[in-house]
Each structure stands twice: as structure tokens, then as C-alpha cells.
Amino acid sequence: MDMRALSYFIETARRQNFTHAAAALGVTQSTVSKMIRQLEDEIGAPLLDRERRPARLTDMGRVVLARGQDVLAAHRALLRDIARTQALELGRLDLGLPPMINRLFTAPLKEYRQRYPKIEVALHEDTGQAIERQVAEGRLDLGFSLMPVAPELGLRPRVVARHRILAVGQPGLMRPLPPAPSIGDLRGRPLVLLEDDFALSRLLDRQFQAAGFEPLIAARSGQWDWTLSMAQAGMGIALLPEPFIRTPVEPGLEARPLGPDTLSWDIALLSADWPMLSHAAQAWVDLCRKHIDGPWPRMEEDVGPG
């Protein structure tokens, strides 16, 4: 139904006069008459009795007038909400962040809150694997995880930041290792690692399998800072991303980049709606690109399945 034709009819019905309605609408009387005829043709029944003066509503006209006013009000509200959403004055962003990387996003989150205070931001903190599932199910607008992303979910991850993985431990444990140790150099050496549900652990497990050995795990933790503390205490060598290691390293520790160069801690951005991101989601991506160094491909790029 043409909203303009409906509004012309309602104005004419209120004034019971085509000439007065046309003047109020700022159009010609013939335009008003033509638009109402178009509406009547669409409905399949006359809305006004034109033989009477002033023009009177037919039974169908009374129904269309009563319901049409609600339709126009809803249409105006819809247009207002569309404009407010486009201006980022209305909306909601459901964002998934694993605890391992959430602190990297403090700066963009702060600026997002300052710029768009009327956007409701719901933060969902969970493991990378859980966030991947929630994005695939459409429960999150955007999520972050670490590569490799579960391929069976059919997501197309965008790698947006890349960091080296460091081997960190007491000098006595680190001394026999080369300057850039490979996974194979860690065979038989005690390791302190993150729990299995971390994406970094998935990555390392694949590397251990490819190197053909079972790692000697002294301990696992769900906290990266405790993992580092265990390495500082001499329990083993920790394998952690570079952003979580202070430079220079704390006294009693040595840090060396884990080789080969192709092995890295890659942060991936996930959405089930490429490339149709909401305005709120696109604004978040733009701020992350500003604050966090990395590849940040164009969002319309298809980088293939995860």
C-alpha cells in the first residue's frame, strides 16, 4: 500500500473536501484525486462518496480511515527508528570476547561508549570455542576468537591481529634452547600451558601432533597470569602470546619467540552476517581497526571457510 496515497485519503476524509485537503498537503486537487483513485483500485472498493457534498466516507472508507491512521503512525515511527539507527542513536550490539583477549579491546570499548552512548552493548565473555558456536547460531552480532576456528561451523573468520608466541621460563630451562626454538625443541621439556578449551591450546596441540610427540605438561591453568607465574617459579616453560609478556621480561625470566615465523597467535573477527553488518557492528569494527594494529581486511572480503 502506498503510504502517500493513504495519507492523502486520510487528510481528505478529515476535511471532507478535496480542495482543502490539497491546500493542506501543498499539492493540486487533481493529484489528491488521482492518488485516492489509485488507493481505491488497490483495495477494490470506493472509499469516498463523491456524489455528496461534502464528500462522505463509504463503509470501506471508515475502515481504512480507522486502521490507516495507525498504519501511518507506525510507518512514521519506523522511519524515525531507521534514521536513529543509521545515526547510531538506537540499537544493540551483542559482542563476544574470550577472557584471553578481552583486555586488548578496552580502548575501543571506551571510545565506543563515549561516541555512541545510546547503543546498548551486551558483552558476552566465554571461551573462543563457545563464542564461535554462538556466532554461528546467530546469538551474537560479532565475536572474537583465535585461529584456527572450528571449520565445521562454516564461519568465515577475518584475521585482524597477529602476534608472536613466546617461550618464557627461568634461564636454566631456557639456556639449552636456540634463539627461536621450534616446537620440536620443546620435546621432553616441562611445559606450563593454558587449559584445553583455549584456542591457543588447540593451535599448540596441532603443532605437537605435527612434530610427532606428546608434550611433557607440568601444569595447565585457566589464567594466563598464573601460567606466567608458574614459569617464573621454575615449574616449566610457558607458551604465551607476546601481548601478555611484559617487555623487558620480569626478573628471573627469559623470553624467546617460538618458531617458525608462520606460527603466530592470530585474533579472528567472526560474524554470521558478512557482509551485511548492522550500523552498530560496523562502528565497532571501525574503532577496533583504529586502536588495534593488524591486517584488518575489508569486511566485504571473503577469506574462505575457517
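Quick notes on the rules
- Residue numbers here run from 1 along each chain, matching the order of that chain's written sequence.
- Per-residue local features of the predicted model are confined to residues with pLDDT of at least 70, and side-chain atom pairs are confined, for both listing and counting, to 80 or more; whole-chain, interface and lining totals are unaffected and use all residues.
- The basis for the side-chain values is all heavy atoms of the structure; hydrogens and waters are excluded.
- Only buried residues count toward a nonpolar core, which is a set of Ala, Val, Leu, Ile, Met, Phe, Trp, Tyr and Cys residues joined through side-chain atoms within 4.5 Å.
- The classification of residues rests on relative accessible area computed with a 1.4 Å probe and restricted to protein chains. Under 20% of the type maximum is buried, over 50% is exposed, and intermediate values are partly exposed.
- Only runs of H or I of at least four residues qualify as helices and only runs of E of at least two qualify as strands under DSSP, and these elements are numbered from the N terminus.
- Note on contacts: a residue pair qualifies if any of its non-hydrogen atoms lie within 4.5 Å across the two residues.
- Multiplying 1.5 Å by the residue count of a helix minus one yields the expected span of that helix.
- Here an axis means a line fitted to C-alpha atoms, over the contact stretch when the element is a helix, while the angle between two N-to-C directions is reported on a 0 to 180 degree scale.
- Working rule for angles: under 35 degrees goes down as roughly parallel, over 145 as roughly antiparallel, 65 to 115 as roughly perpendicular, anything else as oblique.
- Residues are grouped as follows: Ala, Val, Leu, Ile, Met, Phe, Trp, Tyr, Cys and Pro are nonpolar; Asp, Glu, Lys and Arg are charged; all remaining types, including Gly, are polar.
- Note on definitions: salt bridges are taken to be side-chain nitrogens of Lys or Arg within 4 Å of carboxyl oxygens of Asp or Glu.

This paragraph deals with the nonpolar core. A general trend in soluble globular proteins is that nonpolar side chains are found buried together. Counting residues in hydrophobic clusters, the biggest one holds 63 residues, and the most contacted among them are Tyr112, Phe144, Leu239 and Trp284. Of all the elements, helix 10 (residues 279–291) adds the most residues to this core, at seven residues. Residues within four places of Leu239 in sequence aside, it is in contact with Ile165, Leu166, Ala167, Leu186, Val192, Leu193, Leu200, Leu204, Phe208 and Leu258. Counting residues in each nonpolar core, the second largest holds 18 residues, with Leu6, Ile10, Val32 and Leu48 among its members.

With 13 residues, helix 8 (residues 199–211) extends 19 Å between its outermost C-alpha atoms, agreeing within 8% with the 18 Å of an ideal straight helix rising 1.5 Å per residue. Once helix 8 ends, the next one or two residues include Gly212, with phi positive near 80°.

For the pair helix 2 (residues 18–25) and helix 3 (residues 29–43), interaxial distance at closest approach is 8 Å and the crossing angle is 105°. Taken together, the axes of helix 2 and helix 3 lie roughly perpendicular to each other. Contacts between helix 2 and helix 3 involve Phe18, Thr19, Ala22 and Leu25 on the former and, on the latter, Gln29, Val32, Ser33 and Ile36. Counted by class, the contact of helix 2 with helix 3 contains five nonpolar, three polar and no charged residues.

Counted according to the given criterion, the structure contains 17 salt bridges. Residue Arg15 is joined to Glu11 by a salt bridge in which the shortest nitrogen-to-oxygen separation is 2.5 Å. In this pair, Arg15 and Glu11 both sit in helix 1 (residues 3–15), four residues apart, roughly one turn of the helix. In this structure Glu11 comes out as buried when scored by relative accessible area, which is 15%. Via salt bridges that share partners, Glu11, Arg14 and Arg15 belong to a single interconnected network.

Within the secondary structure layout, Leu153 lies in the loop between strand 5 (142–146) and strand 6 (158–169). The partly exposed category is assigned to Leu153, whose relative accessible area is 28%. Along the primary structure Leu153 and Arg133 are separated by 20 residues, whereas in three dimensions their C-alpha atoms are 7.1 Å apart. In contact with Leu153, other than residues within four places in its own chain, are Glu132, Arg133 and Ala136.

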